[in-house]
Amino acid sequence: MNFENQGIIKRLADQYGPENLAVVLGNGDAQGAEVFAETVTQGDPTYAGPLAGVPLKIPVYHVLEEEVMTVVPEKLREEKLQLSLLVIDVEPMRQVLQASREKL
Amino acid sequence: MLKGKKVIAIGERDGVPGPVIAECLGGAGLEVVFQVTECFV
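Calculation rules
- Residues numbered from 1 in each chain as written.
- Chains lettered and ligands numbered in written order.
- Predicted model: local features only at pLDDT ≥ 70, side-chain atom pairs only at ≥ 80, totals over all residues.
- Buried ≥ 20, exposed ≤ 12 C-beta atoms within 10 Å, placed from the backbone.
- Helix = DSSP H or I, 4+ residues; strand = E, 2+ residues; numbered from the N terminus.
- Pairing = 2+ DSSP bridges.
- Right-handed = clockwise from strand over helix to strand, strands pointing away.
- Core = buried A, V, L, I, M, F, W, Y, C linked by C-beta atoms within 7 Å.
- Axes fitted to C-alpha atoms, helices over the stretch in contact; angles between N-to-C directions.
- Contact = placed C-beta atoms within 7 Å.
- Expected span 1.5 Å × (residues − 1).
- Parallel < 35°, antiparallel > 145°, perpendicular 65-115°, else oblique.
- Left-handed = near helix turned anticlockwise from the far one by under 90°.
- Nonpolar A, V, L, I, M, F, W, Y, C, P; charged D, E, K, R; others polar.

Caption draft 1: Broad picture of the pairing of strand S1 (residues 21-25) of chain A. Of all five residues in S1 of chain A, five are buried, a share of seventy percent or more. Relative to strand S1 (residues 6-12) of chain B, S1 of chain A is paired through five bridges, and the arrangement is parallel. Considered in S1 of chain B, the bridge of Leu25 of chain A is made with Ile10 of chain B. Here S1 of chain A runs beside strand S2 (residues 60-62) of chain A; their pairing, made up of three bridges, is parallel. Its bridge partner being in S2 of chain A, Val24 of chain A is matched across the sheet by Tyr61 of chain A. Note that the unit made of S1 of chain A, helix H2 (residues 30-41) of chain A and S2 of chain A has a crossover that is right-handed.

As structure tokens, this is what we get:
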């Protein structure tokens with residue numbers, strides 16, 4: 001995750017409290033999602049960005065996970081997410097993010 | 001789960017972009033406090 005975005009997330013966590021935040025990802029692959037999730041739960045794995053050593057423990061979901069899809073109105077789901085569902089393999093994403101949430 | 005949370009939407013150019021996530025979650029009545037689209041090159 002780029003440093004600018006890490007800095008913004010750190011500021012939002014300071015402002016609202018990390019316990020009041022959730023991150024929803026749109027990654028196309030599970031590997032990228034896992035790195036993003038690690039960054040906002042355990043801290044920047046590269047130890048170079050603003051979140052290095054900052055374990056915010058913010059729960060992370062993917063927008064195509066069932067938990068998220070069910071709250072999105074059907075019309076928006078069909079118009080905006082249906083196509084992505086055909087090209088993105090959600091299951092590996094769900095597995096890494098569920099494991100990440102269980103560690104919180 | 002997401003209910004009552006302020007949401008940070010981090011999209012990806014090769015996946016679902018940030019504005020699309022924000023629109024979908026906003027439509028679900030959730031407050032999106034930041035949205036961005038990252039890209040890996």
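Caption draft 2: A look at the nonpolar core. In terms of nonpolar packing, the biggest core is built from 38 residues, with Val23, Val24, Val60 and Val63 of chain A together with Ile21 of chain B touching the most fellow members. Elements that contribute at least two residues to this core include exactly helix H1 (3-16), S1, H2, S2 and helix H5 (90-102) of chain A together with S1 and helix H1 (18-27) of chain B.

Caption draft 3: Quick look at the sheet that holds S1 of chain B. Spatial ordering of the open sheet is given by S2(A)-S1(A)-S1(B)-S2(B), a layout of four strands whose pairing is parallel. Across the chains shown, the open sheet's two edge strands, defined by having one partner strand only, are S2 of chain A together with strand S2 (31-38) of chain B. Averaged over all pairs of adjacent strands, the angle between strand axes in this sheet comes to 20°, irrespective of strand direction. Strand contacts of H1 of chain A: S1 of chain A together with S1 and S2 of chain B, with the helix running at about 170° to S2 of chain B, the strand carrying the most contacts.

Caption draft 4: A look at H2 of chain A. End to end, H2 of chain A covers 16 Å across 12 residues, agreeing with the expected 16 Å (1.5 Å per residue, within 8%). Burial analysis of H2 of chain A places nine of its 12 residues in the buried class, the great majority of the element. Of the positions making up H2 of chain A, those classed as buried are Ala30, Gly32, Ala33, Glu34, Phe36, Ala37, Thr39, Val40 and Thr41 of chain A. Those residues of H2 of chain A that are buried lie in contact with H1, S1, S2 and H5 of chain A together with S1 of chain B. Following H2 of chain A by one or two positions, Gly43 of chain A adopts a phi angle in the positive range, close to 120°.

Caption draft 5: Spatial organisation of the packing of H2 of chain A against H5 of chain A. Residue and element names in this part refer to chain A. Packing of H2 against H5 leaves a shortest axis separation of 9 Å and a crossing angle of 15°. Relative to H5, the element H2 lies roughly parallel. As for how H2 packs across H5, the hand of that crossing is right-handed. Only Pro92, Met93, Val96, Leu97 and Ser100 of H5 make contact with H2, whose side of the interface consists of Ala30, Ala33, Glu34, Ala37 and Thr41. For the contact of H2 with H5, the per-class residue count stands at seven nonpolar, two polar and one charged.

Caption draft 6: Broad picture of the interface of chain A and chain B. Taken together, the contacts link 29 residues of chain A with 27 residues of chain B. Secondary-structure elements contributing two or more residues to the side of chain A that touches chain B are H1, S1, H2, helix H3 (66-69) and helix H4 (74-87) of chain A. Of the residues belonging to the side of chain A that touches chain B, the class tally is 19 nonpolar, eight polar and two charged.

Caption draft 7: Inspection of the pairing of S2 of chain B at higher detail. Residues and elements named next belong to chain B. Relative to S2, S1 is paired through seven bridges, and the arrangement is parallel. Bridging across to S2, Ile10 finds its partner in Val36. In this fold, the crossover linking S1 to S2 by way of H1 has right-handed handedness.

These figures capture arrangement, not role.
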